[in-house]
Each structure stands twice: as structure tokens, then as C-alpha cells.
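# Understanding the architecture of this molecule
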Amino acid sequence: QLQLVESGGGLVQPGGSLRLSCTASGFTLDYYAVGWFRQAPGKEREGVSCISGGGITRYVDSVKGRFTISRDNAKNTLYLQMNSLKPEDTAIYYCARRRYSTCSGYNEGQYDSWGQGTQVTVSS
């Protein structure tokens, strides 16, 4: 059974850090591109970062230099290290598997499996 489960969210102060995890089951994570999305209150869900099956990464401009996507293939787990967090990073964060091995975009129709999300709140 294919499943993605996020964890690691929480409440942090501006400038703080969090590390999100997404553990996959039912498939081998490194055969696919996998990404992180987020949805802030009152906003549409947006793509944040993606890592391809070949390890190539991409980031939305607003998080470049602050977030790092990675995976541990042995653990079949995807990570998002978030540093220098800002209040505007507050959102529910989702991991998702793309239908392809490349990260050419964040079209949600091209992502075929989603986790339930984990809440990240950045507030003083």
C-alpha cells in the first residue's frame, strides 16, 4: 500500500529551524521525483521544493538559501530542513510523489500520492 507520512512540524519563533520528515511506504522513493508543498491560510497550495530521482533539487524563490531538501534512500525518507524561518512560512506542509523522475514543475496533477500534511507555525 502506497503511503506518505509527514512529521516534524511545530511552533517555532522567527529565525528558528525545523526539520520535516516524510516517510514513504509501498514504493522506493528514489525512483521518483518527490517534493514538498505548502498551503498557508487563505492561499493556494504552492510547490516549495523538489528532488529528482537523480538527486537534482529545485526550490521556490522565497525559500532559496533557507530550505534544503534531501532524502535518505536507505530509510526511504524525504526531509526538508528549514532554517531562518519567517512568519510567512506558516503553512501546512505536504510531501508528494511526482509521476516522473524529474522535477520540471509543481503541477499538482503530476503528483500522484500525497501525505496528510504537518503544521508549521512561525510566530513570536
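Every chain begins its residue count from 1, and numbering advances along the sequence as written. Reporting in this predicted model follows two pLDDT cut-offs: at least 70 for local features of residues, and 80 or more for side-chain atom pairs to be given and counted; totals over whole chains, interfaces and linings ignore these cut-offs and use all residues. Excluding hydrogens and water, the side-chain values take into account all heavy atoms of the structure.

### Comments concerning the pairing of strand E11 (residues 118–122)
The alternating pattern of E11 places Thr118, Val120 and Val122 on a buried face and Gln119 and Thr121 on a face that is not buried. Paired strands are those between which DSSP finds at least two bridges. What counts as a helix is a DSSP run of H or I of at least four residues, what counts as a strand is a run of E of at least two, and both are numbered from the N terminus. Summarising the sheet, strand E2 (residues 10–12) and E11 pair through 3 bridges and their orientation is parallel. When the sheet's bridge partners are listed, Val12 is paired in E11 with Val122. Where strand E9 (residues 91–98) meets E11, 3 bridges bridge the pair, whose relative direction is antiparallel. Each residue of the ladder has a partner; that of Ala91, found in E11, is Val120. When a residue's accessible area, from a 1.4 Å probe over protein chains only, is under 20% of the maximum for its type it is buried; when over 50% it is exposed; and in between it is partly exposed.

### Considering the nonpolar core
For this analysis, a nonpolar core means a set of buried residues of the types Ala, Val, Leu, Ile, Met, Phe, Trp, Tyr and Cys, connected via side-chain atoms within 4.5 Å. Of all hydrophobic cores here, the largest spans 25 residues; its most connected members are Trp36, Phe67, Leu78, Leu80, Met82 and Tyr93. Elements represented by at least two residues in this core include exactly strand E3 (18–25), strand E4 (34–39), strand E5 (46–51), strand E7 (67–72), strand E8 (77–82), E9 and E11. Sorting elements by how many residues they give to this core places E3 first, with 4 residues. Membership of the second largest hydrophobic core comes to 7 residues, among which are Phe37, Ala96, Cys103 and Tyr111.

### Digging into the state of the cysteines
When two cysteine sulfur atoms lie within 2.5 Å, the pair is treated as a disulfide. The tally for this structure, following the rule as stated, stands at 2 disulfides. A sulfur-sulfur separation of 1.9 Å characterises the disulfide bridge that pairs Cys22 with Cys95. A torsion of 65 degrees about the S-S bond marks the disulfide between Cys22 and Cys95 as right-handed. A residue pair is termed long-range when its members are at least 10 positions apart, and Cys22 in strand E3 and Cys95 in strand E9 qualify at 73 residues. A relative accessible area of 2% means that Cys22 is categorised as buried. Note on Cys95: relative accessible area 0%, which makes it buried. Here Cys50 pairs with Cys103 through a disulfide, and the sulfurs are 2.0 Å apart. Its S-S torsion of approximately -70 degrees makes the covalent link between Cys50 and Cys103 left-handed.

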